[in-house]
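# Geometric and topological summary
For reference, the chains in residue letters:
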Amino acid sequence: MNRRTDPPRSGSPDAGGPLAPFPAAPVARGVRAWLSVLATGLLVAPGWALAQSGDGDETPVEPGARLKSSRMLEESLPEEALREAPVFISGDRIEGKTDGVTAVEGSAELRRHNIVIKGDRLQLDQPTNDARATGNVLINRNGERFQGPDVQINLDTYEGTFTQPTFELLKNNGKGDASRLEFLGKDRTDAYDARYSTCPRTPGADWMPAWLVRASRIEFDNVEEIGKATNGVLEFQGVPILGSPYFTFPLTDARKSGLLPPTLNLDNISGLELTVPYYLNIAPNLDATLYPTFMSKRGIDLGGELRYLQPTYSGQIRGAYMPSDQLRDADRWGYSYQHNQNLTGTGLALGASSSLYVNLNRVSDDDYWRDFPRATTSLTTRLLANDVVASWGYGPWSMSAGAYTWQTLQDVDAPITPPYDRLPMLTLRYGRSDARLGGLGGWDWSISNELTRFHSNPLLTSQTNGTRAMMVAEISRRWLAPGWFVKPRAQLHSTYYSFDSPLSNGARSATRVLPTFSLDSGLVFERDASYLGRNFVQTLEPRAFFTWTPYRDQSLLPNYDSGLNDFNLASIFSENVFGGNDRISDTRALTLGVSSRLLDPGTGAEMLRVGVAQRYLFRDQNVYLPRASGQPGGDPVKERLSDILVATRVQWSPSWALDTNVQFNPSSRESVRTTLGGRYTPGPYRVFSAAYRLLRGSSEQFDIGWQWPLNDLWGESARDRVPGGGLGAGQWYSVGRVNYSVPDKKVVDLVAGFEYDAGCWLGRIVVERLQRSGASANQRILFQLEFSGFSRLGSNPLRTLKENVPRYQYLREEINPPSRFQQYD
């Protein structure tokens, strides 16, 4: 029941210094007597503080002056300073002698830097520093509290015995009781016949929390930061649910080697899934996790992950192997490897910045993405990237060399055309910004070169493999002044192809040279405005974009990497309607647009944005990608006026946000594509989002997501978040996301469930249905019990909720480590 987390952030070591030794104690009697030994101390008038002058004198300063730090409130002291720390003793009556035994009667109290002992009677043997307290004893040691009738402890070694104690730990708010506690030094405590939980403790001996651990012995190890239970059993609502002769559990979020909580899944593909992970904390910068999984319908899947982190490189390796999968009657495997390395400062860098990137993903067969839906994200798509890229840069120079390949997982019902592998791809670029040309500064210019070898299986494509060499020269300058801008840009594309087999016209090579000129310009007007009782700065921003690229017949050229760009308010102000470099559109057009914004005059926050744009073609666009090529494309564009794009974003308050995007065809007088989306977030753990997406003739979908406390429905929900997460005990939450297809009249994806926060434990139940193909879907039920500060049992719906529910918040978010002064007596 160990915990696997990211390494904790390191902090600076505690500062401190030796304090004065403990002198002899006098004898005192009276209504209230004090015995105290101070290393340093001053009594000053209220409202004043003391500051240290440069020559060592103490000088009074007025209130509000900057105070210097003090060791009095430090979390910990060095060992040498701790041994010399003063001891403070108080009580109704004190008797003792120098270097002898001091006895305190009535409201007895002993204080040292990191320990407080209270009781009806207290006795301290000064030569040995043995302390004995009886009657309503309370010990506060570094913020951990122990209460009971009788304790004996040494203040130097922190060894001793406490009878019939109750205790409260600081780091994880753990609580419990035992027949006997043994203090075995400052970092270890053993509890016998013990009960342990993180639930609130009710007064009296009948404390029965919602969950607890019973054990004949529990060792609390503050060095390893784990608890070790011998002959232990975990009870929930009085019912034993897990027992073992020996198990461990975390006392903090620190990483520890050992078994992680098992997970259970039940779905329609694998049946019952049981995963028992084992975590290996090999080093602070190296760890591994083993994921053996039993699947009742399929067999055993052996998975594992290795992560490493160094100052100049990091990465992870993850793999799985299932021998004789009963679902497919074959061995199944998959692996994923990512590595990032900064080569700057090495011999390869040559004084420049350089890096290496590796991303490898591979699986055994085409059905892997469908049959293993909970594998790593990189293995659950149908296009698995395998890339190795080395890059280098020095001043205006940059260069890269890479190999890019793909594994395409085909589906008979929905085949896809695999992309071409690029083996290799070499790029070299020289670029200057704000350069001077002809005595005028502010020019940006660059020359980019690329050499790429494209390769694909000839059986999967009708195009020939080949090599493409390309050079793009570009120059631009932006004139900017208050209220307007103008930016001319000129480009020259020069491309050479060499083919493995002849084209349809018999050619084995081809060249293409194309110039492109564009002129971007705009105005910015502002005025003060007032709407709905609020003051704003309103803008009006007209924009004109002119581009001219002549026509070149490119129909015989293969298409290795080009596709039609998405038509939106960003791409409409661009020169080329295609992505990639195999097609350059003969765009001779003028794009006009205008936008208006409402800005908060105090903060500059954008409250409203409305934009509209349309493109006018001076001539037909004859370069296109036929749909039959398997790439997104269409027909030659002959309409002079493009569709009208309208976009609106409203965020009148931090709680509300609304986005609309409409592509309207003026000829048919209907929208070609419409997207409407809104989000309402009034506070923590409260979010509701809805979206409508229409692509006429293709798809129409509704998408709704939410996370909301159900107690709001009957007015009993707390409105403020409590420390550590959630909105307090007794809270029900509904959480989910639904994606509905209007043409198919069915739910495509569904994640919906409930969470219950009881304070010291949480319960989750989630139903998941994710469409994997046109005819099949993966369905499962996830159930989890989380015992705060202890462990989780059941499935793991948190990953599903985080990936599918927009802005989902985990109910137990990490907070700052606790301080011993939070429980200071």
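Since we're looking at a predicted model, the values are computed, not measured.

### Describing the pairing of strand S28 (residues 397-408)
- For strand S27 (residues 383-394) and S28, the ladder comprises twelve bridges, and the chain directions are antiparallel. Bridging across to S28, Val389 finds its partner in Gly402.
- Connecting S27 to the next strand, S28, in antiparallel fashion are two residues, including Gly395 with a positive phi near 60°.
- Where S28 lies against strand S29 (residues 421-437), seven bridges are found, and the strand directions are antiparallel. Across the sheet, Trp397 pairs through a bridge with Tyr430, a residue of S29.

### Considerations on the state of the cysteines
- On inspection of all chains with the given rule, the structure shows one disulfide.
- Between Cys199 and Cys760 runs a disulfide, and the two sulfur atoms are separated by 1.9 Å. Taking the torsion about the sulfur-sulfur bond, which here is approximately 70°, the covalent link between Cys199 and Cys760 counts as right-handed. You can see Cys199 sitting in the loop between strand S14 (188-197) and strand S15 (211-221) and its partner Cys760 sitting in the loop between strand S47 (746-757) and strand S48 (761-771), a full 561 residues away along the chain. Neither Cys199 nor Cys760 differs from the other in exposure class; each is buried.

### Some thoughts on the pairing of strand S25 (residues 330-342)
- Strand direction decides the pairing type here: strand S24 (residues 313-325) and S25, joined by eleven bridges, are antiparallel. The partner of Gly315 across the bridge, within S25, is His339.
- Joining the antiparallel neighbours S24 and S25 is a turn of four residues, in which Asp329 adopts a positive phi near 55°.
- Alignment of S25 against strand S26 (residues 353-363), held across nine bridges, turns out to be antiparallel. Within S26, the position partnered with Gly334 by the bridge is Val363.

### Quick notes on the confidence of the model for the chain
- In this model, the chain carries an average pLDDT of 83, and 84% of its residues clear a pLDDT of 70 or more.
- Under a pLDDT of 50 for its full length, residues 628-632 has, in the predicted model, six contacts with residues more than four places off or in other chains.

What counts and how
- Residues numbered from 1 in each chain as written.
- Predicted model: local features only at pLDDT ≥ 70, side-chain atom pairs only at ≥ 80, totals over all residues.
- Heavy atoms only, no water.
- Pairing = 2+ DSSP bridges.
- Helix = DSSP H or I, 4+ residues; strand = E, 2+ residues; numbered from the N terminus.
- Disulfide = S-S within 2.5 Å.
- Buried < 20%, exposed > 50% of the residue type's maximum accessible area, 1.4 Å probe, protein only.
- pLDDT = per-residue confidence, 0-100.
- Contact = heavy atoms within 4.5 Å.

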